[in-house]
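This is what each chain is made of:
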Amino acid sequence: MFEHIVKTSSSDEMINITSLVRQDVQKSGITSGIAVVFVPHTTAGVTINENADPDVVYDLLDIFRRAFPERGSYRHMEGNSHAHAKASVTGSSCTVIIENGQLKLGTWQGIYFCEFDGPRTRKVYVKLIEG
Ligand code: ZN
């Protein structure tokens, strides 16, 4: 298993971590299998989305903010229920097929670490399974 540290710099942001996962695949020497990318946090997530136009990430964060306002009649005492909700929507893992030693992502797809309660120092686990 590979473990990465991701330092986030704002309250919410999406960081393209595709190159980290690509490096892991290359180091492993696995040419066929799957990559599981897992985020061990309850207020951060991981998702696959467009890597070409940065406005897509901008819009996604804006949509999340409007869908899950920071202030509301929430009960959770930490005051970050909006971040927990966003993390549940994105999910804590994604899976990508490895073929011919490469991640089988679409041309416009990137893997994004999603910070929803930053800035913080976060972890990303990558498990590669040959098959
Ligand atoms: Zn909390």
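The following refers to the structure shown. All of these numbers come straight from a predicted model, not from anything done at the bench.

### What about the overall build of the protein?
Next, step 1: Regarding its fold elements, the protein presents 3 helices and 8 strands.
Next, step 2: Across the protein, helices and strands are ordered from the amino to the carboxyl terminus as β-β-α-β-β-α-α-β-β-β-β.
Next, step 3: Against the compact-globule benchmark of 14 Å for 131 residues, the protein has a radius of gyration of 15 Å, which places it among compact chains.
Next, step 4: A principal-axis box enclosing the C-alpha atoms of the protein has dimensions of 50 × 30 × 25 Å.
Next, step 5: By residue count, 40% of the 131 residues in the protein fall in the buried class.
Next, step 6: Taking the intrachain contacts of the protein between residues at least 6 apart in sequence as the baseline, contacts between residues at least 24 apart amount to 83%.
Next, step 7: Per element, the accessible surface of the protein, about 7,400 Å² overall, is 50% carbon and sulfur.
Next, step 8: Taking the 13 positively charged and 15 negatively charged side chains of the protein as two groups, their mean positions are separated by 6 Å.

### As for the coordination of the zinc ion
Next, step 1: Protein ligation of the zinc ion involves His76 (NE2), Glu78 (OE), Asn80 (OD1) and His84 (NE2), the donor distances falling in the range 1.9 to 2.2 Å.
Next, step 2: With 4 donor atoms in place around the zinc ion and angles of 89 to 148 degrees between them, the coordination shape is irregular.
Next, step 3: Read N to C, the donor residues that coordinate the zinc ion are spaced as H-x1-E-x1-N-x3-H.
Next, step 4: The exposure class of glutamate 78 is exposed, given its relative accessible area of 53%.

### Observations concerning the layout of surface pockets
Next, step 1: Each pocket or cavity is described by its volume, and for the largest pocket that value is around 170 Å³.
Next, step 2: Forming the walls of the largest pocket are 13 residues, and the residues nearest its centre are Ser11, Glu70, His82, Lys86 and Phe116.
Next, step 3: Classifying every residue of the lining of the largest pocket by side-chain character gives 3 nonpolar, 5 polar and 5 charged.

Cut-off values and rules
Residues numbered from 1 in each chain as written. Predicted model: local features only at pLDDT ≥ 70, side-chain atom pairs only at ≥ 80, totals over all residues. Heavy atoms only, no water. Helix = DSSP H or I, 4+ residues; strand = E, 2+ residues; numbered from the N terminus. Rg over C-alpha atoms; globule rule 2.2 N^0.38 Å. Buried < 20%, exposed > 50% of the residue type's maximum accessible area, 1.4 Å probe, protein only. Contact = heavy atoms within 4.5 Å. Areas by Shrake-Rupley, 256 points an atom, 1.4 Å probe, with all protein chains shown as cover. Lys, Arg positive; Asp, Glu negative; His and termini not counted. Charge placed at Lys NZ, Arg CZ, Asp CG, Glu CD. Donors = N, O, S within 2.8 Å, 3.2 Å for Na, K, Ca; no water. Tetrahedral: all angles 85-135°; square planar, octahedral: opposite > 155°, others 65-115°. 1 Å grid on protein atoms, 1.4 Å probe; cavity = no way out; pocket = protein on both sides within 12 Å on 5 of 7 lines; lining within 4 Å. Points joined across faces, edges and corners; volume = space filled by probe spheres on them. Nonpolar A, V, L, I, M, F, W, Y, C, P; charged D, E, K, R; others polar.

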